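Commentary on secondary and tertiary structure
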Amino acid sequence: MYTFPVRTQIVVVTHRHEVIRFCQHTLEPDFRVLIVSNSTECAEVLSFFTAILIVDCNSCDYDIMHADKRGIPAFNGTIIFLTHNSYTEQRTPHRLPRTISIPFPCDIDLFRHIIERTVSTTQHPVQLPIAENKRRYYKSISGFEEFIGTSEAMYTMKNMLTVAAAQDMTILLLGESGTGKSVAARMIHENSRRKEKKFLRINMATVPEHFAESQLFGTERGAYTDAVKRAGFFVEADGGTIFMDEIAEMSLRLQAKLLTVLDTKSFYSVGSDKEKKSDVRIICASNANLPEYIKAGKFRKDLYYRIATFPVRLPPLRHHREDIKAIVYSLLETNKKQISAEALKKLEAYNWPGNVRELKNCIERSCALCPDPMILPEHIFIEEEIV
């Protein structure tokens with residue numbers, strides 16, 4: 001059965017990274033902070049035990065949100081407006097019940113005191129029926145349907161990916177192997193303003209250092225023995241996105257060069273002394289513990305803080321087991337197969353250390369071994385049984 005967290009939910013409507021970081025840093029983990037970017041998404045999540053709605057007046061217009069029929073529904077919580085110089089008192093809708101205006105930026109202790117006081121005096125809305133909640137929860141995120149699931153963990157992740165796609169900053173995707181970091185990177189690109197330009201990927205764990213430098217920055221003819229002229233990803237993907245998978249495996253020398261490129265947006269091809277410019281969005285990914293890599297001297301601290309401008313963690317499958325059924329049904333639809341209740345229970349009971357990738361491989365193997373339309377428990381061989 002789908003369950004909801006007991007923590008009080010606070011919905012924040014904003015596009016601004018500084019507001020997102022401020023609210024998350026100040027309120028989590030005591031409160032459950034959900035970030036949305038428009039009125040439609042706001043309406044979809046307000047029914048989930050929301051006590052407070054925070055509206056960043058610098059990145060959205062509340063008047064437009066309120067006028068939108070799909071926008072803010074009847075809400076018996078408190079609306080907090082983060083105001084700025086250009087948002088005058090006359091425009092702040094004091095006619096609404098339970099509204100508070102706070103200049104932003106503001107003092108952290110003051111902000112938290114206001115939130116705690118407001119939560120203690122706010123009546124929570126009535127929860128919608130479970131089936132309706134699940135339907136609205138799933139539909140609230142568009143553009144990221146490839147990530148299947150209706151769980152809180154999946155919603156939170158897809159919500160962060162939506163915010164990441166709308167921004168034009170460096171993204172760091174974190175998570176275990178098989179959680180879908182490559183898929184997330186591609187979907188961020190496809191939902192960004194750069195979607196008409198190229199999306200190029202390089203796996204730093206599988207490419208030798210000298211070739212990785214050439215692949216990224218290009219090479220001039222004669223730079224080394226048998227070297228041929230190569231444009232490089234930063235030229236080919238100008239205006240687009242470069243996805244650097246397994247960034248922790250990049251050498252320290254190449255890390256230093258990447259840091260310079262990120263700071264200056266300029267670089268030199270291998271064997272060239274001519275500076276080149278490129279407007280590229282970088283998405284990095286790692287399943288390693290980067291702070292531990294930093295302590296061991298294997299990863300630069302300054303590069304870590306540069307690429308971790310907007311970190312997004314992808315949850316392991318064992319943290320959202322309630323999505324296994326939907327993922328399995330989606331995979332079986334492609335293979336024109338069905339699965340018995342007993343076989344599904346076997347899949348839901350397994351811990352899936354290889355995450356969705358391992359589940360996908362398991363289903364493909366089961367489809368190949370099953371001659372009949374219905375997959376039974378004896379057709380399912382998970383890794384711990386094979387090994």
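Criteria and thresholds
- Residues numbered from 1 in each chain as written.
- Predicted model: local features only at pLDDT ≥ 70, side-chain atom pairs only at ≥ 80, totals over all residues.
- Heavy atoms only, no water.
- Buried < 20%, exposed > 50% of the residue type's maximum accessible area, 1.4 Å probe, protein only.
- Helix = DSSP H or I, 4+ residues; strand = E, 2+ residues; numbered from the N terminus.
- Pairing = 2+ DSSP bridges.
- pLDDT = per-residue confidence, 0-100.
- Contact = heavy atoms within 4.5 Å.
- Axes fitted to C-alpha atoms, helices over the stretch in contact; angles between N-to-C directions.
- Polar contact = N/O pair within 3.5 Å; in protein donor to acceptor, adjacent residues only side chain to side chain.
- Salt bridge = Lys/Arg side-chain N within 4 Å of Asp/Glu carboxyl O.
- Core = buried A, V, L, I, M, F, W, Y, C linked by side-chain atoms within 4.5 Å.
- Parallel < 35°, antiparallel > 145°, perpendicular 65-115°, else oblique.
- Left-handed = near helix turned anticlockwise from the far one by under 90°.
- Phe/Tyr/Trp six-rings, centres within 6.5 Å; stacked < 30°, edge-to-face > 60°.
- Lys NZ or Arg CZ within 6 Å of the ring centre and 35° of its normal.

1. Notes on the pairing of strand E2 (residues 32-36)
Within E2, 5 of the 5 residues are buried, leaving the element largely enclosed by the surrounding structure. What you see with E2 is no split at all: Arg-32, Leu-34 and Val-36 on one side and Val-33 and Ile-35 on the other are buried throughout. With 5 bridges joining them, strand E1 (residues 9-13) and E2 adopt parallel strand pairing. Bridging from a neighbouring strand, Val-11 pairs with Leu-34 of E2.

2. A closer look at the confidence of the model for the protein chain
Any residue range with low pLDDT should be treated as having predicted coordinates unsuitable for detailed reading. Averaged over every residue, the pLDDT of the protein chain is 80; residues scoring 70 or more account for 78%. In the model, residues 1-6 has pLDDT below 50 throughout and makes 13 contacts with residues more than four positions away in sequence or in other chains. Taken together, the stretch residues 124-140 has pLDDT below 50 and engages in 40 contacts with residues farther than four places along the chain or on a different chain.

3. Looking at the sheet that holds strand E6 (residues 171-174)
Strand order in this open sheet of 5 strands is E7-E8-E11-E6-E12, and the pairing throughout is parallel. Two strands in the sheet have a free side with no partner beyond their single neighbour: strand E7 (199-203) and strand E12 (310-313). The sheet shows a mean angle of 20 degrees between the axes of neighbouring strands, direction not considered. Here 4 bridges tie E6 to strand E11 (residues 281-286), and the two strands are oriented parallel to one another. If you follow Leu-172 over to E11, its bridge partner there is Cys-284. In this fold helix H7 (residues 181-190) packs onto E6, E7, strand E8 (241-245) and E11, with an angle of close to 150 degrees to the strand it touches most, E6.

4. Side note on the side chain of Thr-118
Structurally, Thr-118 can be placed in helix H4 (residues 108-120). A distance of 2.6 Å separates a polar atom in the side chain of Thr-118 from the backbone oxygen of Ile-114. Residue contacts for Thr-118: discarding those within four places in its chain leaves Ile-52, Thr-78 and Ile-100.

5. Topic: the pattern of salt bridges
Inspection of every chain in the model, using the stated rule, returns 17 salt bridges. Residue Glu-213 is joined to Arg-253 by a salt bridge in which the shortest nitrogen-to-oxygen separation is 2.5 Å. Of this pair, Glu-213 sits in helix H8 (residues 209-217) while Arg-253 sits in helix H10 (residues 252-264); the two residues are 40 residues apart in sequence, bridging distant segments of the chain. Classification of Glu-213 by relative accessible area gives buried; the value is 9%. For Arg-253, a relative accessible area of 47% gives the class partly exposed. The structure contains a network of salt bridges with shared partners spanning Asp-168, Arg-193, Arg-194 and Asp-279.

6. Points about the nonpolar core
As a rule of thumb, nonpolar side chains are buried together in soluble globular proteins. Of all hydrophobic cores here, the largest spans 44 residues; its most connected members are Ile-54, Phe-111, Ile-115, Leu-161, Ile-171, Leu-173 and Phe-310. Setting aside residues no more than four positions away along its own chain, Ile-171 makes contact with Ala-164, Ile-188, Arg-281, Ile-282, Ile-283, Cys-284, Ile-307, Phe-310 and Val-312.

7. Quick word on the packing of helix H13 (residues 324-335) against helix H15 (residues 355-369)
Two numbers describe how H13 lies on H15: the axes approach to 10 Å, and their chain directions differ by 40 degrees. As far as their axial angle goes, H15 and H13 are oblique. Helix-helix and strand crossings are classified by hand; for H13 and H15 the assignment is right-handed. Judged by residue contacts, Ile-324, Ile-327, Val-328, Leu-331, Leu-332 and Asn-335 of H13 engage Val-356, Leu-359, Lys-360, Ile-363 and Cys-367 from H15.

8. Some words on the packing of aromatic side chains
One pass over the full model with this rule turns up 8 aromatic pairs. With a centroid separation of 4.5 Å and an interplanar angle of 80 degrees, the aromatic rings of Tyr-350 and Trp-352 are classed as edge-to-face. On the accessibility criterion, Tyr-350 (7% relative accessible area) is buried. Between the NZ or CZ atom of Lys-298 and the centre of the ring of Tyr-293, over which it lies, the distance is 4.2 Å.

9. Observations concerning unusual backbone geometry
Here the bond from Phe-104 into Pro-105 is cis, since omega is 5 degrees, no more than 30 degrees from zero. At Asn-355, a position not held by glycine, the phi torsion is positive, near 60 degrees. Along the chain, the position of Asn-355 falls in helix H15. According to the relative accessible area criterion, Asn-355 is buried, its value standing at 0%.

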